[in-house]
Amino acid sequence: MLVNGKQMKSLWRDGTEIKMIDQRILPQRIEIFTARDENEIAYAIKEMVVRGAPAIGVAAAYGIAIAEDKDYAVNLLSKTRPTAHDLFYAITYMKDAIEHGKDALESADEYMNAIIEKCRKIGENGKKLIKNGYKILTHCNAGALATIDYGTALAPIRMAKDKEIFVWVDETRPRLQGLLTSWELYHEGISHAVIADNAAGYFMEKGEVDMVIVGADRIALNYDVANKIGTYEKAVVAKENEIPFYVAAPLNTFDKDIENGNQIKIEERSMEEVTKIYNFKTGVRNPAFDITPAKYITGIITEEGIIKP
Ligand code: MRU
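Residues numbered from 1 in each chain as written. Predicted model: local features only at pLDDT ≥ 70, side-chain atom pairs only at ≥ 80, totals over all residues. Heavy atoms only, no water.

Draft legend 1. Region of the structure containing the overall build of the protein chain. Looking only at helices and strands, the protein chain features 11 helices and 15 strands. In terms of C-alpha radius of gyration, the protein chain reaches 18 Å, essentially the compact-globule figure of 19 Å for 309 residues. Considered along the principal axes of its C-alpha atoms, the protein chain spans approximately 55 × 45 × 45 Å. Burial analysis of the protein chain (309 residues in total) assigns 56% to the buried set. Look at the contacts in the protein chain between residues 6 or more apart in sequence, and 73% of them connect residues 24 or more apart. Carbon together with sulfur atoms contributes 48% to the accessible area of the protein chain, which is approximately 13,400 Å² in total. Within the protein chain, one finds 39 positive and 46 negative side-chain charges whose respective centroids are separated by 3 Å. (Helix = DSSP H or I, 4+ residues; strand = E, 2+ residues; numbered from the N terminus. Rg over C-alpha atoms; globule rule 2.2 N^0.38 Å. Buried < 20%, exposed > 50% of the residue type's maximum accessible area, 1.4 Å probe, protein only. Contact = heavy atoms within 4.5 Å. Areas by Shrake-Rupley, 256 points an atom, 1.4 Å probe, with all protein chains shown as cover. Lys, Arg positive; Asp, Glu negative; His and termini not counted. Charge placed at Lys NZ, Arg CZ, Asp CG, Glu CD.)

Draft legend 2. Up close: the packing of aromatic side chains. Using the criterion set out here, one finds eight aromatic pairs in the structure. Taking the centre distance of 4.1 Å and the plane angle of 20° together, the rings of Trp-168 and Phe-203 count as stacked. In this pair, Trp-168 is assigned in strand 7 (residues 166-170) and Phe-203 in helix 9 (residues 200-205), connecting sequence segments 35 residues apart. The exposure class assigned to Trp-168 is buried, which follows from its relative accessible area of 9%. Given the relative accessible area of 18%, Phe-203 is considered buried. Through a chain of ring-to-ring contacts, three or more aromatic side chains come together here, namely Phe-166, Trp-168, Tyr-202 and Phe-203. (Phe/Tyr/Trp six-rings, centres within 6.5 Å; stacked < 30°, edge-to-face > 60°.)

Draft legend 3. Focus on the sheet that holds strand 11 (residues 225-228). Judged by pairing direction, the sheet is antiparallel, and its three strands sit side by side in the order 10-11-13 without closing on themselves. Either end of the sheet is taken by a strand with one partner, and the two such strands are strand 10 (218-219) and strand 13 (289-292). (Pairing = 2+ DSSP bridges.)

Draft legend 4. A look at the packing of helix 1 (residues 38-46) against helix 3 (residues 70-77). Two numbers describe how helix 1 lies on helix 3: the axes approach to 10 Å, and their chain directions differ by 10°. It follows that helix 1 is roughly parallel to helix 3 by the angle criterion. Note on element contacts: helix 3 touches helix 1 through Tyr-72, Ala-73, Leu-76 and Leu-77, opposite Glu-38, Asn-39, Ile-41, Ala-42 and Ile-45. (Axes fitted to C-alpha atoms, helices over the stretch in contact; angles between N-to-C directions. Parallel < 35°, antiparallel > 145°, perpendicular 65-115°, else oblique.)

Draft legend 5. Main features of the environment of Met-48. In this structure, Met-48 sits in the loop between helix 1 and helix 2 (53-66). According to the relative accessible area criterion, Met-48 is buried, its value standing at 2%. On a C-alpha basis, the gap between Met-48 and Gln-23 in space is 6.9 Å, while along the polypeptide they are 25 residues apart. Residues in contact with Met-48, not counting those within four places in the same chain, are Gln-23, Arg-24, Arg-81, Arg-175, Gln-177, Arg-269 and Glu-273.

Draft legend 6. Seen up close, the environment of Gly-151. Within the secondary structure layout, Gly-151 lies in the loop between helix 6 (144-147) and helix 7 (154-159). Sequence separation between Gly-151 and Asn-227 is 76 residues, and the spatial gap between their C-alpha atoms is 14 Å. Beyond its immediate stretch of four places on either side in the chain, Gly-151 contacts Cys-119, Ala-142, Gly-143 and Ala-144.

Draft legend 7. Representation of the nonpolar core within the structure. Leu-11, Met-20, Ile-41 and Ile-45 are the most contacted members of the largest nonpolar core, which totals 38 residues. Mapped onto this core, the elements with two or more residues apiece are strand 4 (17-21), strand 5 (32-35), helix 1, helix 2, helix 3, helix 4 (85-99) and helix 5 (104-127). Examining the composition of this core, we find that 10 residues originate from one element, helix 2, more than from any other. Beyond its immediate chain neighbours, meaning those up to four positions away, Ile-45 contacts Val-50, Ile-56, Ala-59, Ala-60, Leu-77, Thr-80, Arg-81 and Leu-87. Core analysis: the second largest hydrophobic core is formed by 22 residues, Leu-137, Ala-200, Ala-249 and Ile-300 among them. (Core = buried A, V, L, I, M, F, W, Y, C linked by side-chain atoms within 4.5 Å.)

Shown next, in the form of structure tokens:
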């Protein structure tokens, strides 16, 4: 991704130290968080220093790679966040690599490079859907920050930047990942506007949205998609307004053990994420993801092509 005119990844390895852009502090300023062991990686995932399904997976792979006690690291990291399938896919990948006597650090590097390449291909496949003049709505941040480079939902948008395009960015309460998307688009020089989550339907109904592209945290075998809370609502309103609704995700987001969205565990996060703006004290629920039934999805843009549910 471009940051101040230079190529940068959201996470990288420096010897046995894992460096990452601290996503809690963006877009105000760029600060680098350094993890030196699996406990610091687990903290980074749990506290959302690093976030987004593919990036969480890469962080976990490195957490296992730099750990002295691999079993402890596997156990610790698998309890950090429940919904993103990448986390568990990466842990299994690293367990297999280590069992086969492969170098752990090299395996984690390979894992990261493979994720970046999948995202690049998602961009190539998805950009064909974007026509000149398109206004595209996205939810949450499924950009390079969430995937190390390119993004999933943002990869086709990045690669279509030679066309005249405009991006509507849902703010994405309560963690405001939309501001991360806006930060990425600003640095790429792509025209966009952040809108309150409640405003998406207004712009769809006014004919101001030509397509929706979102990422995914886990996809069931029937193509139901778990993604950031609010995705479901956008999909329903898009269908009502006959706007194509695309999910962009690598094939490893499919969970072969999950038949449908009801079986996906939805993370519930702390009430402070919701209450801290006005510091009110009352009953709060804070589910971090929701399920979009397959019937609302026009296509899933993957590294191998576009799948029609
Ligand atoms: O809670 P987060 O910020 O980790 O949630 C991220 C999302 O929901 C993304 O849209 C999803 O992981 C796809 S990222 C490429």
